[in-house]
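Listed below are the residues making up each chain.
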There are 2 protein chains.
Amino acid sequence: MDESLHERIAADIRRRVLSGELRVGAAVPSESQLCAQWDASRGPVRQALGTLRAEGVIGGGRGKPPVVLRQSMSQPFATFMSFSRWVNGLGRTPGQRTLEIARRPSTPDIAAALHLTEGTPVVQLLRLRLIDDQPTMIERTTFVEPVGRLLFDFDCDSGSIYAHLESQGVDTTHGSHVIDAVAADQKDHELLDVPTGSPLLRERRTATSVTGEPFEYSDDRYRPDIVSFSIENSQRAHPALSRIAERAS
Amino acid sequence: MDESLHERIAADIRRRVLSGELRVGAAVPSESQLCAQWDASRGPVRQALGTLRAEGVIGGGRGKPPVVLRQSMSQPFATFMSFSRWVNGLGRTPGQRTLEIARRPSTPDIAAALHLTEGTPVVQLLRLRLIDDQPTMIERTTFVEPVGRLLFDFDCDSGSIYAHLESQGVDTTHGSHVIDAVAADQKDHELLDVPTGSPLLRERRTATSVTGEPFEYSDDRYRPDIVSFSIENSQRAHPALSRIAERAS
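Numbering of residues begins from 1 in every chain and follows the order in which that chain's sequence is written. Just so you know, chain letters begin at A and ligand numbers begin at 1, following the order they were written in. The predicted nature of this model means local features are confined to residues of pLDDT at least 70 and side-chain atom pairs, given and counted, to a pLDDT of 80 or more, with totals for whole chains, interfaces and linings taken over all residues. Excluded from the side-chain calculations are hydrogens and water; all other atoms, namely the structure's heavy atoms, are used.

Moving on, we come to the pattern of salt bridges. All names here are of chain B. The term salt bridge refers to a side-chain nitrogen of Lys or Arg lying within 4 Å of a carboxyl oxygen of Asp or Glu. Evaluation of the coordinates by the stated rule reveals 44 salt bridges over all chains. Between arginine 104 and glutamate 100 there is a salt bridge, with the nearest N and O atoms lying 3.0 Å from each other. Buried, partly exposed and exposed residues are distinguished by accessible area as a fraction of the type maximum, computed with a 1.4 Å probe on protein chains only: under 20%, between the cut-offs, and over 50%, respectively. Taking relative accessible area as the criterion, arginine 104 reaches 31% and is therefore assigned partly exposed. Put simply, glutamate 145 and arginine 103 hold a salt bridge, and the shortest N to O gap is 3.1 Å. One end of the pair, glutamate 145, is in helix H7 (residues 145-148); the other, arginine 103, is in strand S1 (residues 94-105), with 42 residues separating them in the sequence. Numbering goes from the N terminus for both helices and strands, where a helix is a DSSP run of H or I of at least four residues and a strand is a run of E of at least two.

Quick look at the structure:
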C-alpha cells in the first residue's frame, strides 16, 4: 500500500474542511469518488478516511456515509505556533513585510514576560503578515538577545522565522497564548487598513525553548474579519485548537 | 491519609494560581508553610504538590523549591462551558440579570448553527453576567425549543442554566467555540458600560448534547479588560484551555 498516497488524501480532505469548503454536516466525498479523484485503489482511500475518523474530523462508517463532524481540528503544535506554516497548510500564500528590526533595552513588561532583568538588551521585530497579499496581522515580537541575534543574518521577508530558528538549533517546546481584543492604534490602522479604534483580535504569545527558558514574547493583532481562533472541547476528549481564516469576500 | 485534605490543599493552590495571586515564576508556599496553614502532616501536603506537579501547574521538586509554571491550567469541561461554575471556582461571586426570554422563529443564521429549518421556533435569552457585581459579559443565547422550554419554569436570575438543564436531563458533551473581536453595539454599551464601538472579546459557542444534536448557540461578548482566554500548548502534551479574569483595579 502506498503510504504517502493515503496521507495525501487525508491531508487534502483536512485542508478542505479547514478552509470551509466542506462544512460541518457536509458529506465527505464517497470512496468511489475519492478513488476516481486520486486514481487510487480502495486501500489508501479507506486508510485516509480511517485516519480522519480517528481524529474526530469525520463521522459515519459502518454503512453510514461519512460527514464532517468538526470544522476545525487541532493543528499540530508547529502549525499553531507559526503563521507561515499555518497559511501554507491552508493551501494559501503567506507573506510578510518587515518594518523594523532593532536591538534595544527591554522595558519592564517585556522583561517580566521573558524573565529578564529590566534593561537587558532584546531584539524587537515589527512585521506585517499577509495571506494571499491581504494584510491580516501585525506582529510585535521580542526575542531574547541570544536568539534574536540569529535574525540579523536572516532575511525576515523571506519566510518563517520559526523555521529559520529551528535550523539554528532553537526548538520551541511550549507556547502560552492569551487571547483578548484591543482597539486598533495608529500603526494598526495604517498597516491593516482598518479604522483607528476598531476591534482587533489579539494573541499575546510566550514561546519556551527546550532549555525551559522563554525566548520569544509577541503581541499579534489580527483582523477579526479574516482570522478567528477555534476551540473544540468535549467531556471525553482532549481539547483541539486551531486558527481559522475566512476567505476574503 | 485524609483524601479530602490533600484535594482541598491542591484546589486552594490551583485557585490562587488561576486568580493571579500566584504568578508564573512565583514560589509556591513551602511544605512547612502549607503544613502550618492547613494544620496538616507532610503526607497530604506532599500529595497535593505531587498532583499539581503532574498537572504541570508547578515545577521544582527533588530539592528545588516549587514554582508556578503555568498561569492557567485546563479547566474541567463543565467549568469551561459554564460562566457560573467558572466564577465560583475562582472563589468569586457570579451574577446574572435576565433582560429577556422569548420564543420566536429562528433566523437563517441561528437555524444553520442549530441544524434547524429556518423559522423553527427557538427560545432566546439575553442575559448580563457579572463577577462580584461588575458587568462582565453579555450572553445572547438561543436554545432549541425542547430545551429552551425548560427555562420558562426556571428563574434565570437564580444561577447556572447549565446546572438547571443537567438536573432536567440535558447533558452537554461537546462545545465548539469560535473566538474573535467585535465592536460594542448600543446594547453592549448600555449594559457593559463601555463606549459604543470599543473592542469586545467574542465567543460564539455551540453546545451539543449526548444525543449528538446541537441544543444551544450563544454569542457571548466579554469586556476584554476583565476576561481573556488562555491556551497552553506543547510539543508533548495536550493543549490546556481556560478563561482568565483580571481582578478589577
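Let's shift gears to the environment of Met81(A). Residue position: Met81(A) is located in helix H4 (residues 77-81). Assessed through its relative accessible area of 4%, Met81(A) is described here as buried. Taking the C-alpha atoms as reference points, Met81(A) and Glu246(A), 165 residues apart in sequence, are found 19 Å from one another. Not counting chain neighbours up to four residues away, the residues in contact with Met81(A) comprise Tyr162(A), Thr172(A), His174(A), Gly175(A), His177(A), Arg205(A), Ala207(A), Arg243(A) and Asn233(B). Working rule for contacts: check all heavy atoms of both residues, and any pair within 4.5 Å makes them a contact.

What follows is about the pairing of strand S7 (residues 227-234) of chain B. Consecutive side chains of a regular strand alternate in pointing toward one face of the sheet and then the other. All names here are of chain B. Among the eight residues in S7, eight count as buried, and that is most of the element. Burial of S7 is two-sided: the residues Val227, Phe229, Ile231 and Asn233 facing one way and the residues Ser228, Ser230, Glu232 and Ser234 facing the other way are all buried. Two strands are said to pair when DSSP picks up at least two bridges between them. Note that S7 and strand S8 (residues 240-245) share six bridges and pair antiparallel. Considered in S8, the bridge of phenylalanine 229 is made with arginine 243.

Moving on: the relation of the copies chain B and chain A. Least squares is used to superpose the copies, and the fit set is the C-alpha atoms of residues whose pLDDT is at least 70 in both copies. For the pair chain B and chain A, the best superposition has an RMSD of 0.2 Å and corresponds to a rotation of 180 degrees with a translation of 0.1 Å parallel to the axis. Viewed as a symmetry operation, the transformation between the two copies matches a two-fold axis. For chain B, the residue whose C-alpha comes nearest the rotation axis is Pro199(B), separated from it by 2.2 Å.

Let us look at the sheet that holds strand S5 (residues 199-209) of chain A. If you walk across this open sheet you meet the eight strands as S1(A)-S2(A)-S3(A)-S6(A)-S5(A)-S4(A)-S7(B)-S8(B), and the pairing is antiparallel. In this open sheet, the two edge strands, each paired with only one partner strand, are strand S1 (94-105) of chain A together with S8 of chain B. Each adjacent strand pair in this sheet contributes to an overall mean axis angle of 20 degrees, direction not counted. Sheet analysis places strand S4 (residues 172-183) of chain A next to S5(A), joined by 11 bridges and oriented antiparallel. Counted as the bridge partner of Val178(A) is Arg204(A) from S5(A). Every axis corresponds to a line fitted to the C-alpha atoms, with the helix fit spanning only the stretch in contact, and the corresponding angles, defined between N-to-C directions, vary from 0 to 180 degrees.

This paragraph deals with the interface of chain B and chain A. Tallying the contact residues gives 37 residues for chain B and 37 residues for chain A. Of all residues in chain B, Ile179(B), Ile231(B) and Asn233(B) bury the most surface against chain A, accounting for 21% of the area lost on that side. On inspection of chain B and its partner chain A, the count reaches zero salt bridges. Elements that contribute at least two residues to the side of chain B that touches chain A include exactly helix H4 (77-81), strand S4 (172-183), strand S5 (199-209), S7 and S8 of chain B. Using a 1.4 Å probe, buried area is obtained as the accessible area two parts lose upon being combined, added over both of them.

Here the focus is the packing of aromatic side chains. Each Phe, Tyr or Trp ring, with Trp reduced to its six-membered ring, pairs with another whose centre is within 6.5 Å; inter-plane angles below 30 degrees give stacked pairs, above 60 give edge-to-face pairs, and intermediate values give tilted ones. Inspection of every chain in the model, using the stated rule, returns six aromatic pairs over all chains. With 6.1 Å between their ring centres and 65 degrees between their planes, Phe80(A) and Phe229(A) make a pair best called edge-to-face. Remark: Phe229(A) occurs in strand S7 (residues 227-234) and Phe80(A) occurs in helix H4; sequence separation between them is 149 residues. With a centroid separation of 5.7 Å and 70 degrees between ring planes, the pair formed by Phe83(B) and Trp86(B) is classed as edge-to-face. On the criterion of helical spacing, the pair formed by Phe83(B) and Trp86(B) is a turn pair, its members being three residues apart in helix H5 (residues 83-89).

Note on terminology: a nonpolar core comprises buried Ala, Val, Leu, Ile, Met, Phe, Trp, Tyr and Cys residues joined through side-chain atoms within 4.5 Å. Core analysis: the largest hydrophobic core is formed by 34 residues, its most contacted members being Trp86(A), Ile179(A), Trp86(B) and Ile179(B). Secondary-structure elements contributing two or more residues to this core are helix H5 (83-89), S4, S7 and strand S8 (240-245) of chain A together with H5, S4, S7 and S8 of chain B. In contact with Trp86(B), not counting residues within four places along its chain, are Gln75(B), Thr79(B), Ile131(B), Val227(B), Arg243(B), Ile244(B) and Ala245(B).

As annotated, the domain borders come from an automatic or database domain assignment. Per the domain assignment, the segments making up chain A are domain 1 (3-54) and domain 2 (77-245). The C-alpha centroid of domain 2 of chain A is placed 32 Å from the C-alpha centroid of domain 1 of chain A.

Structurally, Ala112(A) is set in helix H6 (residues 108-113). As for Ala112(A) and Leu200(A), which are separated by 88 residues in sequence, their C-alpha atoms are 24 Å apart.

This next bit is on the sheet that holds S4(B). Taken together, eight strands build an open sheet; the order of strands is S8(A)-S7(A)-S4(B)-S5(B)-S6(B)-S3(B)-S2(B)-S1(B) and the sheet is antiparallel. Unpaired on one side and paired on the other, S8 of chain A together with S1 of chain B mark the two borders of the sheet. Adjacent strand axes in the sheet meet at a mean angle of 20 degrees, parallel and antiparallel pairs treated alike. Where S5(B) and strand S6 (residues 214-222) of chain B come together, eight bridges link them in antiparallel fashion. Within the sheet, the bridge partner assigned to Arg204(B) lies in S6(B) and is Asp219(B).

Okay, unusual backbone geometry next. At Asp133(A), a position not held by glycine, the phi torsion is positive, near 70 degrees. With relative accessibility at 70%, the residue Asp133(A) sits in the exposed group. For Asp193(B), which is not glycine, the phi dihedral falls at a positive 60 degrees.

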